[in-house]
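Summary of the model geometry
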Amino acid sequence: PLGHRFGYRIRNESKSSAQTRVEVVTEGVLLRRIQSDPFLEGIDVVILDEFHERSLNADLAVAFLKEIQQEVRTDLKLLILSATLDPAPLKRYFGASLTHLHSDGRIYPVTIEYSPPKSQREWMDHLVEEVARLCTTDLWGHILVFLPGVKEIRWVQDRLATHTKRNVYPLHGRLTSQQQDNALAPSTRPKVVLSTNLAETSVTLPNVQWVVDSGLHRTSYVKNGISRLKTEMISKDSATQRAGRAGRTEQG
């Protein structure tokens, strides 16, 4: 049961107990834990997953954890995980204390095609046309489309309704668990899944043969003390990660 051996802790919500051995937390919660408990008493291992996504909180956490290891907790173990990150900068930062482990997964070949819109203002119209074109091909497989946010997902979903007979599913954090399960459920009929970067690392959609990447994502920033959202280009690491969704179970 959640909250016993395995638990989680996010802002204003926690499901853990004295029996919890593995606790999944956000980067912000980790930083607050370090500030309130600088020795991280009772913690044997800290795992930072998907580190290539990079954030101020993640980088700050690494700096604090390195200091804790060197100064007071030589027994504390730190695992930094990523499928696409260049380990060289981390090697230089940690020096001899860092051991690099490389694991080759089974990766199928992925062919990359670049199809820019005529103008940046028309990128969503162009994306709809490209997805509709793929829907007419004879190759079997699902199509996973990466879009920056919920607004774009809804717009593209409405337009695709008149361009294809395939089932089109949204996938983002605002959906209920059941709605997300509908998008991820195995299907013998090819479908189109419109996703934020939720599908970049957090989930695996089986039988994806095509990935259509807008190259954009939505990020938060603070201006004049107010948190805001902006749309910007993704990193090369994120582009590689997204493309890899098409090579998980077969050639894509």
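Let us look at the structure shown here. (Residues numbered from 1 in each chain as written. Predicted model: local features only at pLDDT ≥ 70, side-chain atom pairs only at ≥ 80, totals over all residues. Heavy atoms only, no water.)

A word on the overall build of the chain. Regarding its fold elements, the chain presents 8 helices and 11 strands. For the chain, the C-alpha atoms occupy an extent of roughly 60 × 45 × 35 Å along the three principal directions. The 252 residues of the chain split such that 34% are buried. Contacts in the chain between residues far apart in sequence, at least 24 positions, make up 62% of those at least 6 positions apart. Summed over all atoms, the accessible surface of the chain reaches about 16300 Å², with 51% contributed by carbon and sulfur. In the chain, which carries 33 positive and 29 negative side-chain charges, the distance between the mean positions of the two groups comes to 4 Å. (Helix = DSSP H or I, 4+ residues; strand = E, 2+ residues; numbered from the N terminus. Buried < 20%, exposed > 50% of the residue type's maximum accessible area, 1.4 Å probe, protein only. Contact = heavy atoms within 4.5 Å. Areas by Shrake-Rupley, 256 points an atom, 1.4 Å probe, with all protein chains shown as cover. Lys, Arg positive; Asp, Glu negative; His and termini not counted. Charge placed at Lys NZ, Arg CZ, Asp CG, Glu CD.)

Reading across from one edge, β2-β1-β3 is the order of the 3 strands in this open sheet, with mixed pairing throughout. Two strands close off the open sheet at either side, each with one partner strand: β2 (13-15) and β3 (22-25). Direction aside, the axes of adjacent strands within the sheet are offset by 15° on average. Here helix α1 (residues 27-36) sits on the sheet in contact with β1 (6-10) and β3, set at roughly 115° to β3. (Pairing = 2+ DSSP bridges. Axes fitted to C-alpha atoms, helices over the stretch in contact; angles between N-to-C directions.)

For the rest of this paragraph, the subject is helix α4 (residues 123-135). Between the first and last C-alpha of α4 there are 18 Å, a value that for 13 residues agrees with the 18 Å anticipated at 1.5 Å per step. Trp123, His126, Leu127, Val128, Glu130, Val131, Ala132, Leu134 and Cys135 are the residues of α4 that are buried. Packing partners of the buried residues in α4 comprise β6 (142-146), α5 (150-160), β8 (191-195), β9 (208-213) and β10 (216-223). (Expected span 1.5 Å × (residues − 1).)

Across soluble globular proteins, you tend to see nonpolar side chains buried next to one another. Of all hydrophobic cores here, the largest spans 17 residues; its most connected members are Leu127, Val131, Val145, Leu147, Leu160, Val192 and Leu194. Mapped by element, the contributors of at least two residues to this core are α4, β6, α5 and β8. Residue contributions to this core peak at 6 residues, all from α4. Residue contacts for Leu147: discarding those within four places in its chain leaves Trp123, Leu127, Glu152, Ile153, Val156, Leu194, Ser195, Thr196, Asn197, Ser214 and Leu216. One finds Ile34, Val62, Leu65 and Phe94 within the second-largest nonpolar core, a separate group that totals 16 residues. (Core = buried A, V, L, I, M, F, W, Y, C linked by side-chain atoms within 4.5 Å.)

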